[in-house]
Each structure stands twice: as C-alpha cells, then as structure tokens.
Amino acid sequence: MIARPLLVGAVLALSFAACGPAPVVPAPPAPPARAAPALPPGPPIAARTIAADEDEPRGAVVVGDRVAWIVGDGGRVRVAPLAGGPAADLAIGEYAGALAADGDALIVAGFGLRRVPLDGTASRELAPAIGADVLLVDGDHVYLGATWGDLPDGVIARVPRAGGEPEVLVEGAGLVRGLAVVDGHVYWADQGIDAPPPNADVTCGRWNERGDGEPVELERVCDAPRAGSIWRVAVTGGAVELLAGGQHGPVGVAVRGDHVYWSASDGEALMRAPRAGGKPEVVVRGQGAALAADAAGVVVATARGLVVEAPASGKAARVRGVDVQDVAELALTADEVVVTDRARGRVVALRRGPARLTVLATPQGAFDGLVVAGDRLVYLDAHRDADRDDRVLSIGARGGLAEVVVRARGDDLRLGADAAHVVLADATAGTISVDGEAPIVRDSEALGAAVDGDTVYYVDGVRVMAVPVGGGTPRVVFEEEGSGWGTSGGPPRPQITAADGVVLAAGFPLPGLIRATSDGAELLARDVELFTRVDDGFVVWGAAGLTTVPGGRVLAPPDALTDVRALAFDGHDVWALVYAAPDGDALIRVPLDGGPLEHVIPGASWGELAIVDGALFLLLPDQDALLRLQL
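Draft legend 1. Just the overall build of the protein, in detail. A count of helices and strands for the protein gives one helix and 57 strands. By residue count, 55% of the 631 residues in the protein fall in the buried class. By sequence separation, contacts in the protein at least 24 residues apart represent 44% of the contacts at least 6 residues apart. Counting every atom, the protein has about 25200 Å² of accessible surface; 49% of that belongs to carbon and sulfur.

So, in structure tokens, the structure goes:
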C-alpha cells in the first residue's frame, strides 16, 4: 500500500458527482431542524448583461457612467450606459487598437493617438503615427507600449495628455502586454515569445518597403524564443530592473501594497512577487486571460471561464463569475467587474462585494471524481497521459495544501474512498485496484466503485458486485434478469456508494435505484440516473424528473431542469448541477418543501457536488477549479 496521510473521519458524507464516481453514503441521523441557508437576495454570482450580440468585443474601459469597448477586425468603438441601455458606435475617425479612460473622454490608439470626448465634441490628436496595444493614463501623461509607426515595436513611451512629442522610456521592452504606474515607476509585462512546436510549419520574416511601396523580404528569420518577464523603470526613464524572469506569458500587471501581480496566460493564472525583490508565488492556478486592479484587490480572468478576485489584504481568492468565455479585458468599478466575453459576443458586469464562493484548489491535469472523508475532500487529478501519473489528492474542507494519497495511471478512472482506502475503477482496462496496488479485479466493465471497511463494491455492467479489499473471488450483490433501461441521456457513469453495510447504486445501465445489505437487495425505483439521501428517503433524477423516493413527489419535471449532472442535500434543500436548464447551465437550489427553483450560480454545469460542515463544494472541470460555497 502506498503511504499516505490518514483521511479524517470514519464515514463519508453524502454527495455525488454526476460525471464521476460517487462518494460513500452513510445512513445519517435525522438532522436538527434549522432555517434555510441564509443566502442573500439574488445569486452570489450573477452576470448582468450590458450588451449582447457584439462582434468579438474586447478592450473594455469604464468612463464615468458609461462603458466603451472595441469590436471586430475594423476596430470600431462602441459605448453603452453602464447601468444598461442601447449601445451605439462612437465616431473616432480611425481604427482603434487600444483604449484608456481620461476623465469624460477616451484615449484611442489607432493610426495615431487621439483624445475622443464622449459628449460628441471634436476629438483631438495627441500624437501622430503611433500604434499601441496597451495604454494607461496617469498624472499628466499617457503611457503606452508601442507596436508600430514612428515608435518601433517594443518601445515603452509616454505622451503628454495635452499632446506633444512622445518621450521614450525603454527600448527593447519586448512584447508589452501590461502597464502600471505606481510610486514614480512604470511596471510592465513582457509576454515573451514561445518556441514553435517541433516540425511546425512556421513562416517568419522581416520586411522593408521598396520605393514603389511594395514590401521586400530582407531575411527570413524567427525571433529567438524567450520567457516572459516583469520589469520596471523610473517614469523619467533610465536603468531597467527585472522583477521576475522565466514567467509563462504574462498578459497584465498591477501593483498593490508591497507586491507586483501579473496574469500568466500559459501556466498559473495569477502570480505575485515582492516589489523589493524575491521569489514569485502563485495566487490562483490556471491560465490567465486578463487582469485588472484597484484599491480593493486584483481581479484575474482565467482561460476556462473563472473571474477571480484576490483582495488587497492577502492571497485569498474569491470567485466573481463562472459564466464568461474568452475574456479579452476587465474593467473595474467600485461595485462590479466589467468583462468582455468574446466567445459569446457579450459585455457583462459581475457583482463585487463580499463573496462566499472561494477557490479551494485547481488541478495540474483534469478534475474527475470527488468524495468526502470527514472534514477532508478526496479528488482525482487526471492527466490522461500514458507517460504521467494520475493523482488522487486530499485537501481540507477549509483549504490548505493538497496532499497526494495515491498515484495511478488509466484512461477512464472512477474514484471511491473511505477513511482507510482509495479504490479506483478503470473502465477502459476493466480493472479495480485499491490504494494504487495491483488490480484485485480484472476483466470487468468497472463502471464505478466504492469501499466500505474491508469490502469493495463495484458496478459490472448491469450487476453490482463485491470483493474483499485484499482480493479474492467477487460475489454478486445485485442482478436482475434483463435489467438495464436503454440509452441514458444523462451522466455517462453509474453512481455507487457504500457505508455501514448499506450499498446504494443507480444510473445507466442499472435498472434503477438499488439498495443492498447483508439481508439482500431491492430495487427501490426504476429509471434512476442520480440520487441523494434526504431526511426520509431519497431525491432521485430520472425519467420522471426530480422526484422523491418513496412517494414519487415531483420537485421538478424533466423540462424544468433538462439534464442534471450532480445532486447533494444540505439538510434542508437539494442542490443540482444542471447541464442544460431552460435558462442556461446553472447550480440550482431545489427546496424540498416545493418552493420555486433558484438559479444560484449561472454557468456552473458539468461537475460534481459535496456537502461538508455547512459548505457546498463544486468541482467544475470546465473551469478547472474546486470551489467552496459557504451556505
């Protein structure tokens, strides 16, 4: 057996992940009566749409009570009221490559640098023939990372806000993808240059123009690959100072307190390092897509759809949104984060303020499987790579360092655990293994597994089987002649749990919800894909929708939720991760007393749920995150 930390708790709390194998379900005592979870009015995560059906919006900037952004390849600028209302084109007279706010006007970098008031008065040229992808207004100057024109690529310069000649601060600054001005210094992020993949068809070149204006290729070379880096220089220029080298594609930079922060587009999502020098550290893992900051904190968008805020007082990361894709830029107000969602053509605002949804962990591979042991969570971080181990990790329900408890390899692993053992079912190889050792079962369909004391239970096609932890001859726990109920439209794997001698299983290809003990097995309900234990029985999802067993009371018909992927019960309400609800993917709260459904987190869909100590845990593979929602 592989040595690993003791998993705290003798039984596993009820919670099932719809896309993964199930945790152990004890027969809980009746919970004490309590009030419904005190969630504030409205969802803790909400996306308020400012504009829809936009053409790949980017470059969001808040100007007073309005927000501006760039659309399309032509670089048009659009403006809408921040509180909501029709969007309109802004006459800028040229292409826009970047925007910055300047009082009640925009600074626009296009074929030159212009100041464009939003009140319709005439724009004014600040500097001709300068192109930039990054702009920042601070004090009496506009700072920029040049990309073309009179200032060559890789120059950091500043131009007086009233207009005038550009002042070069740094030459050879690299691929500038972020600027900040703090305490008399300009900080910038050099994104670096990735090496082309082996055998890639890469065309590189340097060009000049002939007298007739036609380009002539001077030499065919590729810029040498280099890592990204974070730098600073005095606002008056001079010697540059490297703050962090060897970084993974930084695309934004901000300074708060004693630290400089940046967003990493290839690797960690949010990094920071001491301004006085020191080792960089990870704040949020993932792939960063955009960054913004103000006095309240630093906000980063990840490539997988999370918008996360790190408060200025420390490293704790709070989730501000999960329902955005392909974020280009962020803009902040005191109350909201404004996001350009290029993939869906939207400009949306996410509410700030106290948040009880926090990031607990992010994977190195892909999350798949979540069970609970006492006050710890056990999950599978799967690489799905024949040359790299998958890892089963354990983490405290209140956070902390995730610890590896088992290493394994497999194409389609399903996880089960109790306080003493971790069991993995490999559906592709048809094996069941315990604690990372050699398989104790071979030639099985191995569709899911659970462990209870000295016995492993697993789903083998339409049968539920049992085998000793140490190996031996499997025995049949449940089998029904001709069982199985056709093609499932829901979770692709069955749910199985075991605790205190009680085994529960459901999901395709099993015929329904099965309960088995040493006295025998019974089919409690047919056509059940998912279940969660409640006070007086079960709530199940199946052909009839979300219903109670026994009794068959319908909490939500199939057309109200469409496709449920995970269920959990908090002692008062049922929580459901819904892949395709009529109003979009969401985490939904379903009152047992028959009250209305509540969309708590829009955009949360494919994943797994767990309840521990007054908190709901969401493992969301699409966002590469394990999140904690305090109830």
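The rest of the description comes next.
Draft legend 2. View of the environment of P128. Looking at the element boundaries, P128 is found in strand β9 (residues 124-128). In the structure, P128 is positioned 19 residues away from A109 in sequence and 9.9 Å away in space, judged by C-alpha atoms. When residues no more than four places from it in sequence are discounted, the contact partners of P128 are G112 and D150.

Draft legend 3. Spatial organisation of the nonpolar core. L270, L587, I601, L609, L616, L618 and L627 are the most contacted members of the largest nonpolar core, which totals 33 residues. Those residues in contact with L616, other than ones at most four positions away along the chain, are A568, W575, L587, L609, A610, I611, L627, R628, L629 and L631.

Draft legend 4. Quick peek at the sheet that holds strand β32 (residues 366-373). One open sheet holds the four strands; their spatial order is β32-β33-β34-β35, and the pairing between them is antiparallel. Edge strands, defined here as strands with exactly one partner in the open sheet, are β32 and β35 (403-408). With strand direction ignored, the average angle separating the axes of adjacent strands in the sheet is 20 degrees. As paired elements, β32 and strand β33 (residues 376-382) share six bridges and run antiparallel to each other. Bridging across to β33, L370 finds its partner in Y379.

Draft legend 5. Summary view of unusual backbone geometry. With an omega of 10 degrees, the peptide bond running from F508 to P509 counts as cis. Tracing the backbone through its elements, the reader meets P509 in the loop between β44 (502-506) and β45 (512-517). Positive phi values are uncommon outside glycine, yet A446 reaches one of about 45 degrees. Relative to the assigned elements, A446 resides in the loop between β38 (431-434) and β39 (449-452). Given a relative accessible area of 0%, A446 falls into the buried group.

Draft legend 6. Representation of the packing of aromatic side chains in the model. Enumeration over the complete set of coordinates arrives at five aromatic pairs. Consider the rings of F111 and W148, whose centres lie 5.9 Å apart with planes at 70 degrees: the pair is edge-to-face. Of this pair, F111 sits in the loop between β7 (105-110) and β8 (112-117) while W148 sits in strand β11 (residues 141-149), and the two are 37 residues apart along the sequence. We classify W148 as partly exposed; its relative accessible area is 36%. Taking 6.2 Å as the distance between ring centres and 85 degrees as the angle between the ring planes, the aromatic pair formed by F531 and F538 counts as edge-to-face. Under the relative-accessibility criterion, F538 is labelled buried at 8%.

Draft legend 7. How the structure looks around the pattern of salt bridges. Summed over all chains, the structure comprises 30 salt bridges. For D102, the salt bridge identified is with R161, shortest N-O distance 2.3 Å. Of this pair, D102 sits in strand β6 (residues 98-102) while R161 sits in the loop between β12 (156-160) and β13 (167-170), and the two are 59 residues apart along the sequence. What makes D102 buried here is its relative accessible area of 3%. With relative accessibility at 31%, the residue R161 sits in the partly exposed group. Between R515 and E522 there is a salt bridge, and its shortest N-O distance comes to 3.9 Å. Accessibility expressed as a relative area gives 29% for R515, which makes it partly exposed.

Draft legend 8. Inspection of the sheet that holds strand β14 (residues 176-182) at higher detail. If you trace the four strands from one edge of the open sheet to the other, you get β14-β15-β18-β19, paired in antiparallel fashion. Here the strands that pair on one side only, and so sit at the sheet edges, are β14 and β19 (241-247). For this sheet, the mean angle separating the axes of adjacent strands, direction not counted, is 15 degrees. Where β14 and strand β15 (residues 185-190) come together, five bridges link them in antiparallel fashion. By the bridge assignment, V181 is partnered in β15 with V186.

Draft legend 9. Geometry of the side chain of R628. Tracing the sequence through the fold places R628 in strand β57 (residues 625-630). Of the side chains bearing the opposite charge, D613 lies closest to the buried R628, which forms no salt bridge; the N-O distance is 5.5 Å. Engagement of the side chain of R628 in a polar contact is seen with the backbone oxygen of A397, the distance being 2.9 Å.

Draft legend 10. Focus on the pairing of strand β55 (residues 608-612). With respect to burial, β55 is a largely interior element, five of its five residues being buried. Judged from the five bridges that link them, β55 and strand β56 (residues 615-620) form a sheet pairing that is antiparallel. Bridge pairing in β56 places E608 opposite L619.

Draft legend 11. Geometry of the environment of D266. Relative to the helices and strands, D266 resides in the loop between β21 (259-264) and β22 (270-274). For D266, a relative accessible area of 41% puts it in the partly exposed group. Put simply, D266 and G288 are 22 residues apart on the chain and 7.2 Å apart in space, counted from C-alpha to C-alpha. When sequence neighbours within four positions are dropped, the list of residues in contact with D266 reads H248 and Q287.

Draft legend 12. Region of the structure containing a nonpolar patch on the surface. Where nonpolar side chains cluster on the molecular surface, the patch consists of Y95, F111 and W148 and spans about 310 Å² of accessible area. With respect to the helices and strands, Y95 occurs in the loop between β5 (88-90) and β6. Given a relative accessible area of 30%, Y95 falls into the partly exposed group.

Draft legend 13. Up close: the pairing of β12. Among the five residues in β12, four count as buried, and that is most of the element. Where β11 meets β12, five bridges bridge the pair, whose relative direction is antiparallel. Residue pairing in the sheet places Y143 in a bridge with R158 of β12. Where β11 hands over to β12, the hairpin turn is made up of six residues, of which G154 adopts a positive phi near 90 degrees. Here β12 runs beside β13; their pairing, made up of three bridges, is antiparallel. When the bridges of β13 are listed, I156 appears paired with V170.

The rules behind these values
- Residues numbered from 1 in each chain as written.
- Predicted model: local features only at pLDDT ≥ 70, side-chain atom pairs only at ≥ 80, totals over all residues.
- Heavy atoms only, no water.
- Helix = DSSP H or I, 4+ residues; strand = E, 2+ residues; numbered from the N terminus.
- Buried < 20%, exposed > 50% of the residue type's maximum accessible area, 1.4 Å probe, protein only.
- Contact = heavy atoms within 4.5 Å.
- Areas by Shrake-Rupley, 256 points an atom, 1.4 Å probe, with all protein chains shown as cover.
- Core = buried A, V, L, I, M, F, W, Y, C linked by side-chain atoms within 4.5 Å.
- Pairing = 2+ DSSP bridges.
- Axes fitted to C-alpha atoms, helices over the stretch in contact; angles between N-to-C directions.
- Phe/Tyr/Trp six-rings, centres within 6.5 Å; stacked < 30°, edge-to-face > 60°.
- Salt bridge = Lys/Arg side-chain N within 4 Å of Asp/Glu carboxyl O.
- Lys, Arg positive; Asp, Glu negative; His and termini not counted.
- Polar contact = N/O pair within 3.5 Å; in protein donor to acceptor, adjacent residues only side chain to side chain.
- Patch = residues over 30% accessible without salt bridge, like charges linked within 9 Å, V, L, I, M, F, W, Y side chains within 5 Å.

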